Amino acid sequence: MSGIRVLVGTRKGAFILTADGKRQQWNVSGPHFGGWEMYHLKGSPVNPNRIYASQSSGWFGQVVHRSDDGGKTWATVGNEFVYDGVAGTHQWYDGTPHPWEFKRVWHFEPSLTDADTVYAGVEDAALFRSTDGGQTWQELSGLRGHGTGPEWQPGAGGMCLHTILLDPSNPQRIFVAISAAGAFRTDDGGKTWRAINQGLRSDYIPDPNAEVGHCVHRLALHPSRPQVLFMQKHWDVMRSDDAGESWYEISGNLPSDFGFVVDVHAHEPETVYVLPIKSDSEHYPPEGKLRVYRSRTGGNEWEALTKGLPQQDCYVNVLRDAMAVDSLDPCGVYFGTTGGQVYVSADGGDNWQAIVSNLPAVLSVEVQTLP
Amino acid sequence: MIRVVIPYHLRTLAGVSGEVTLAVSAPVTVRAVLDALETRYPVLRGTIRDHVTQERRPFLRFFACGQDLSHESPDMPLPDTVVAGTDPFYVIGAIAGG
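Residues numbered from 1 in each chain as written. Chains lettered and ligands numbered in written order. Predicted model: local features only at pLDDT ≥ 70, side-chain atom pairs only at ≥ 80, totals over all residues.

## Side note on the overall build of chain B
Inclusion rule: Secondary structure elements follow DSSP: runs of H or I of four or more residues count as helices, runs of E of two or more count as strands, with numbering from the N terminus. With C-beta atoms placed from the backbone, the exposure class of a residue follows from how many other C-beta atoms lie within 10 Å of its own: 20 or more, buried; 12 or fewer, exposed; in between, partly exposed.
Each helix and strand counted, chain B has three helices and five strands in total. Ordered by position from N to C terminus, the α and β elements of chain B give β-α-β-α-β-β-α-β. Over its C-alpha atoms, taken along the principal directions, chain B stretches across nearly 40 × 25 × 25 Å. Taking all 98 residues of chain B together, the buried fraction comes to 29%.

## Quick look at the overall build of chain A
Selection rule: All radius of gyration figures rest on C-alpha atoms, and the globule criterion is 2.2 Å times the number of residues raised to 0.38.
Per the secondary structure count, chain A includes zero helices and 30 strands. Relative to a compact globule of 371 residues, whose C-alpha radius of gyration would be 21 Å, chain A shows 19 Å and is just as compact. For the C-alpha atoms alone, the extent of chain A along its principal axes is close to 50 × 45 × 40 Å. Within chain A, the fraction of its 371 residues that count as buried is 53%.

## Section: the sheet that holds strand β21 (residues 248–249) of chain A
All names here are of chain A. We apply this condition: For two strands to pair, DSSP has to find at least two bridges joining them.
Taken in spatial order, the four strands make up an open sheet running β18-β19-β20-β21, and their pairing is antiparallel. Looking at the sheet topology across the chains shown, the edges are occupied by β18 (216–221) and β21. Bridge analysis of β18 against strand β19 (residues 229–233) gives five bridges, and the strand direction is antiparallel. From the neighbouring strand, Ala 220 faces β19, where its bridge partner is Phe 230.

## With respect to the interface of chain A and chain B
Threshold: Two residues form a contact once the distance between their C-beta atoms, set from the backbone, is within 7 Å.
Each partner contributes to the interface: chain A provides 13 residues, whereas chain B provides 13 residues. For the side of chain A that touches chain B, the leading source of residues is strand β6 (residues 61–67) of chain A, giving three residues.

## Side note on helix α2 (residues 30–40) of chain B
What counts, and what does not: Read the arc as the range of directions from the helix axis to the C-beta atoms.
When α2 of chain B is considered as a whole, its buried residues turn out to be Val 30, Val 33, Leu 34 and Leu 37 of chain B. Along the long axis of α2 of chain B, the arc covered by the buried residues comes to 95°, so they all point the same way.

## Focus on the pairing of strand β14 (residues 160–166) of chain A
Looking along a regular strand, one sees the side chains alternate between the two faces of the sheet. All names here are of chain A. In terms of residue burial, β14 counts as a mostly covered element, since six of its seven residues are buried. Pairing of β14 with strand β15 (residues 174–179) involves six bridges; the strand directions are antiparallel. Counted as the bridge partner of Cys 160 is Ser 179 from β15.

## What about the sheet that holds strand β1 (residues 2–5) of chain B?
Strands belonging to one sheet form pairs held by backbone hydrogen bonds; the direction of such a pair is parallel or antiparallel. Residues and elements named next belong to chain B. How we decide: Between the N-to-C directions of two axes lies an angle of 0 to 180 degrees, each axis being a line fitted to C-alpha atoms and, for a helix, fitted only over the stretch in contact.
Strand order in the open sheet made by the five strands is β2-β1-β5-β3-β4, with mixed pairing throughout. Two strands close off the open sheet at either side, each with one partner strand: β2 (20–22) and β4 (67–68). Sheet topology places strand β3 (residues 60–64) next to strand β5 (residues 89–93); five bridges connect them, and they run antiparallel. In the sheet register, Phe 62 faces β5, and the bridge partner there is Val 91. Along the sheet face, α2 touches β1, β2, β3 and β5 and points at about 110° away from the line of β2.

## Some points on the confidence of the model for chain B
Interpretation of the predicted coordinates at a detailed level should be avoided for regions scoring low in pLDDT. Rules: Within a predicted model, pLDDT stands for the predictor's per-residue confidence, ranging from 0 to 100.
When pLDDT is averaged along chain B, the result is 96; 98% of the residues meet or exceed 70. Reported confidences for the modelled complex are a pTM of 0.97 and an ipTM of 0.93.

## Some words on the pairing of strand β1 (residues 3–10) of chain A
Residue and element names in this part refer to chain A. Counting buried positions along β1 yields seven of eight residues, so the element is predominantly enclosed. In terms of strand pairing, β1 meets strand β30 (residues 362–370) through eight bridges, oriented antiparallel. For Ile 4, the partnering residue across the bridge sits in β30 and is Thr 369. Judged from the eight bridges that link them, β1 and strand β2 (residues 13–20) form a sheet pairing that is antiparallel. Bridged to Gly 9 within β2 is Ala 14. Hairpin connection from β1 to β2: two residues lie between these consecutive antiparallel strands.

## Some thoughts on unusual backbone geometry
Between Glu 123 of chain A and the following residue, Asp 124 of chain A, the backbone shows a cis peptide bond with an omega angle of -5°. In this structure, Pro 27 of chain B follows Ala 26 of chain B across a cis peptide bond, with omega equal to -5°. Within the fold, Pro 27 of chain B resides in the loop between β2 and α2. Positive phi is not limited to glycine here, since Phe 33 of chain A has a value of about 60°. Structurally, the position occupied by Phe 33 of chain A is in the loop between β3 (27–32) and β4 (37–43). One non-glycine residue with positive phi stands out, namely Asp 313 of chain A, at about 55°. Residue classification places Asp 313 of chain A among the exposed residues on the basis of 7 C-beta atoms within 10 Å.

What follows is the structure in structure tokens.
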């Protein structure tokens, strides 16, 4: 029977949750790297036992760990992330130039075809790649250098490159998203990049229709249709049908279109999940009710999914890398909260249960569907 | 032998308990001690000093014999009692809750 492995990064360590394909009984392993901020862990689709983990600390900086046995044992790999050439400056919060300074890895995206190749999205925003299993890292500096880099500015959470989507139909195409710069695309394997933010409107920045400066929180795509992108922006849920060339809003009847996560059902490309948060000033769910919203129409028409989720006095947040889906049938949906809960729905969102309830604040959730 | 005390998380990372003892050739300086520490435990590279600039990470400080050496030149010789192994060289992290 198939198995599930959920990789959970938290403020104080990593946890690995495992179950069989029924997804009812769970084993919890951890904390791994206890006391460290674990921004993200992700397994290779080529070799699921190869897992990359981002371990960081305000005291001791960045450490990268790699497991080759599914998270049972770990070894450190390279932690030297050096910007290519002269790092230059981006804008600081007050609009003054500020030197690019590496702070941490927010997201690892292992290659779809090679277990030793992995991309790292970092703060201050840049994209790095390793082709030797994480031992050494090289910046794909065409992203920062494509022209708008000096205009990028951090959001309150830092100027992070948090989303990396590899196009399964075109190995030369990669999408990334940066807070608070926007979405970007390469069509030549990372050499050259351009902003893909046409149609985004952010009324809270000086030029609401600017080429860059939009606080994109998350992008998602379905592998069968990678030209269709879904976006949870700071405010607004957006969709592109042309690989980011243009965007249109699909917030529809959501109770709030602010939020962080967005994901797509594993078998239904038009079924999309978001988790509305009340506002950017109040980072908790509207009305104290934790509700995932599902659209089966690719947006605009949303239904609340509440069974098994707290419907009163709930004031947690769900951060941008903390939702994932498995590829079983029916599709499993997972998310983690800043209150330390990780929830699973084994039926596409209709019913939910808490796998764990008292972890440290959850930063990321990734799911591996094992043979 | 030079005695070095590092914070809990770095001991865990390096897989050691208690003090670390290192053979360091003269002149024994902060730079020489950290070079020797990182040679013995490569996993610590980047966790105490920046990879490129070699600057001390902001939340860490260096002490020996009750003196704060954090702002001294990394090439200044360490006190004789550290060189003699009587007193340890400390890498200390800022105190924090949460």
